[in-house]
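Secondary and tertiary structure notes
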Amino acid sequence: MELRPAEVTSILEKEIEKYKGETSMQSIGTVLSVGDGVARVYGLDDCVMNELLEFPNGVRGVALNLEEDNVGCVLLGDATKVKEGDTVRSSGRVISVPTGDQLLGRVVNALGDPIDGKGPLGTTAADLRPIESPAPSVVEREPVKEPMQTGIKAIDAMIPIGRGQRELIIGDRQTGKTALCIDTIINQRTTAGGDPKDPEQMICVYVAVGQKQSTIVDVLRRLELAGAMPYTIIVSASANDEASMQYLACYAGVAMAERFRDEGRHVVIFYDDLYKQALAYRQVMLLLRRPPGREAFPGDVFNLHSRLLERAAKISRDAPKINPRYKKGGGSITALPIVETQEGDVAAYIPTNVISITDGQIFLESALFNAGIKPAVNAGISVSRVGGAAQIPAMKKISGGLRLGLASYRALAAFAQFGSDLDKATQQELTRGERLTEVLKQGQYVPMPVEQQILIIYVANAGHLDDVPAKRVTEVEKAYLRAMAEQHPEVAEGIKKTKNVSDSERAAMDKVIAAVKVQLNTKAKG
């Protein structure tokens, strides 16, 4: 083969012309020490707070301590795969999670990786959002005035929650806190029939922190049975996961929710629960040698929860004019954080922190739960700081005085145990309170539409059930709602459409409850 220098020269010239010198710079460090899920890294001089770092064997970490000569980071994965002397690369981005419609119906971990065995999410790099972002400013918000119906009579009537509100669910273990969340998720089907593509459909995000994996699977199964998963995302950081994943899961959940909010959608997010998140945060911070404070929690544990819950808000219609991050105004995030108390101690450190951050609390009491009053809502110390603004006018009228009346009944009932000589007014109050308590009892996983709630609360508050034996109140309630649906379906439809109760609708309710009582009395005698 003959080699021609002219040809070789021309080929080389062409290759040189095509060549583009591309250089990239990457920050690289070395692991100084590793242990208990925390690594100290030397050499990452341009590392930023909350930056995602890449360790060997697919392990990732987050930079949390930026010191003079090293970076303290928590590992998000199997710490046994990382050893002293390993090379660490900076990713150049703060920790982010995938967001968007592709996550609906899925179970993901704190990094947004799917863990439900249904394959990849199908999101792109454009769908990534940082888990930490500033809360909406005062001018970007508007007052909370739209109701967020839970489907639970005791809450929608006495402690109403509005879209954009932060309402704490607090109580001892095994008092029905998670069940309350599941009922609320199931009830969101009523907003647009459970179609996630409908802009009116409320999106739900359930963040499970430090729960048993079996509990998370039970929640998933229950939501699938109720047809609620198509509009729900579950973010799981179980008790089996690293403390770092448990602490970050809540921020990942709210970042996913913010994507929908910024597109003008309504979202409700559940943090189950923030006490376990605070414990995980304490563990991580102590390992990073941050100074401990009260109950060994770091000094910024209040900020941990306040910056999380401050991201829940009702966004103004004009927000896109103020801040281009909002594609469409009018969206909202409603936050329902859960805090587990020890022996009903609401004055402990974390419970008081979260109570002071939120716009009210629903207190679930063990004594009521054990007495068979479910949901075990203590009407006396439960409160919504939004109140009637978060109720439709019909519910506002019908349920007026219900919470105070029930709280007064509980106090009187305790007093009445010690004496039998009670005046007529006190006896009447005890009778009414007992019937109201029976009416507000509700089975699990059967949320009730607001128009049906109004039908039954009206007759109870008006005194129509005072002459019904307490044991038969549930039977009368079922028969009455059935009769209303058969004889006067237009009443419930009218309330649903006008959001008010007319005099003719009240008359129809009075007539039907009287007929039902006569019918059931005749049956009982027969």
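In what follows, the structure referred to is the one given above.
Quick summary incoming for the structure in this document. Computed from a predicted model, the values in this text were never measured in an experiment. (Residues numbered from 1 in each chain as written. Predicted model: local features only at pLDDT ≥ 70, side-chain atom pairs only at ≥ 80, totals over all residues. Heavy atoms only, no water.)

1. A closer look at the side chain of Gln211
- Inspection of the secondary structure assignment puts Gln211 in the loop between strand S11 (203-209) and helix H5 (213-225).
- At 2.9 Å, the side chain of Gln211 and the backbone oxygen of Asp272 are in polar contact.
- If we ignore the near neighbours within four places in the chain, the residues touching Gln211 are Ile216, Ala237, Ser238, Ala239, Asp272, Asp273 and Lys276. (Helix = DSSP H or I, 4+ residues; strand = E, 2+ residues; numbered from the N terminus. Polar contact = N/O pair within 3.5 Å; in protein donor to acceptor, adjacent residues only side chain to side chain. Contact = heavy atoms within 4.5 Å.)

2. Overview of the nonpolar core
- Tyr271 and Tyr480 are the most contacted members of the largest nonpolar core, which totals 139 residues.
- Broken down by element, the residue count for this core peaks at 13 residues, all from helix H6 (residues 243-262).
- Sequence-distant contacts of Tyr480, that is, excluding residues within four places in its chain, are made with Leu455, Ile456, Val459, Met509, Val512, Ile513 and Val516.
- The next biggest cluster of nonpolar side chains, apart from the first, holds 14 residues, and it includes Ala39, Cys47, Val71 and Val88. (Core = buried A, V, L, I, M, F, W, Y, C linked by side-chain atoms within 4.5 Å. Buried < 20%, exposed > 50% of the residue type's maximum accessible area, 1.4 Å probe, protein only.)

3. Structural notes on the pattern of salt bridges
- Taken as a whole and assessed by the stated rule, the structure comprises 30 salt bridges.
- Glu310 serves as the salt-bridge partner of Arg166, at 3.0 Å between the closest nitrogen and oxygen. Here Arg166, found in the loop between helix H2 (153-158) and strand S10 (168-171), pairs with Glu310, found in the loop between helix H8 (301-309) and helix H9 (319-322); they are 144 residues apart in sequence, far enough to count as distant.
- Judged by relative accessible area, Glu310 falls into the partly exposed class, the value being 33%.
- When the shortest N-O distance is used, the salt bridge between Asp262 and Arg261 registers 2.9 Å. For the pair Asp262 and Arg261, one class covers both residues: buried.
- Linked by salt bridges that have partners in common, Arg129, Glu258, Arg261, Asp262, Arg311 and Arg325 make up one network. (Salt bridge = Lys/Arg side-chain N within 4 Å of Asp/Glu carboxyl O.)

4. With respect to the pairing of strand S15 (residues 360-364)
- In terms of residue burial, S15 counts as a mostly covered element, since 5 of its 5 residues are buried.
- What you see with S15 is no split at all: Gly360, Ile362 and Leu364 on one side and Gln361 and Phe363 on the other are buried throughout.
- In this sheet, S15 lies alongside S10 in parallel orientation, the contact comprising 4 bridges. When the sheet's bridge partners are listed, Leu168 is paired in S15 with Gln361.
- Across 2 bridges, S15 lies against strand S16 (residues 383-384) in antiparallel orientation. Directly across from Gln361, in S16, lies its bridge partner Val383. (Pairing = 2+ DSSP bridges.)

5. Points about the side chain of Arg106
- On the secondary structure map, Arg106 appears in the loop between strand S7 (96-98) and strand S8 (107-108).
- In terms of polar contacts, Arg106 uses its side chain to reach the side chain of Asp116, at 2.8 Å.
- In terms of polar contacts, Arg106 uses its side chain to reach the backbone carbonyl oxygen of Gly119, at 2.5 Å.

6. Observations concerning helix H13 (residues 402-416)
- Along its 15 residues, H13 runs 20 Å from first to last C-alpha, staying within 8% of the 21 Å computed at 1.5 Å per residue.
- Of all the positions in H13, only Leu402, Leu406, Tyr409, Leu412 and Ala416 are classed as buried. The arc that holds every buried residue of H13, seen down its axis, measures 125°, which confines them to one face. Exposed residues pointing more than 90 degrees away from the buried face of H13 are listed as Leu404 and Phe415. (Expected span 1.5 Å × (residues − 1). Arc of directions from axis to C-beta.)

7. Examining unusual backbone geometry
- The amide bond that connects Asp272 to the next residue, Asp273, takes the cis arrangement and shows omega of 0°.
- Note that the residue after Lys374, namely Pro375, is joined by a cis bond; omega there is 0°.
- Its location among the elements puts Pro375 in the loop between helix H11 (366-370) and S16.
- Positioned with a positive phi, Arg289 is a non-glycine residue whose angle comes to about 65°.
- Considering the arrangement of structural elements, one finds Arg289 in the loop between helix H7 (274-287) and H8.

8. Describing H7
- Look at H7: 20 Å from first C-alpha to last across 14 residues, which is about the 20 Å you get at 1.5 Å a residue.
- Of all the positions in H7, only Leu274, Tyr275, Gln277, Ala278, Ala280, Tyr281, Val284 and Met285 are classed as buried.
- Two or three places before Tyr275, at the start of H7, stands the capping residue Asp273, its side-chain oxygen 3.1 Å from that residue's backbone nitrogen.
- The positive-phi residue at the C-terminal boundary of H7 is Arg289, with phi of around 65°.

9. Side note on the sheet that holds S10
- Within the open sheet, the 8 strands sit side by side as S8-S12-S11-S13-S14-S10-S15-S16. Their pairing is mixed. The sheet terminates laterally at S8 and S16, the two strands that pair on one side only.
- Where strand S13 (residues 266-272) and strand S14 (residues 332-340) come together, 7 bridges link them in parallel fashion. Across the sheet, the residue bridging to Tyr271 is Pro337, located in S14.
- On top of the sheet, H5 reaches S8, S11 and strand S12 (232-237); it is set at about 170° to S12, its chief contact.
- Contacts from H6 reach S8, S11, S12, S13 and S14 within the one sheet, and its direction differs from that of S11 by about 175°. (Axes fitted to C-alpha atoms, helices over the stretch in contact; angles between N-to-C directions.)

10. Regarding the sheet that holds strand S6 (residues 87-94)
- Strand order around the closed barrel formed by 6 strands is S1-S2-S5-S4-S3-S6, with antiparallel pairing between neighbours. Neighbouring strand axes in the sheet, compared pairwise and without regard to direction, differ in orientation by 45° on average.
- With 6 bridges joining them, strand S4 (residues 60-66) and strand S5 (residues 71-76) adopt antiparallel strand pairing. In the sheet register, Arg60 faces S5, and the bridge partner there is Leu76.
- Docked against the sheet, H6 engages S4 and S5, running at close to 90° with respect to S5.

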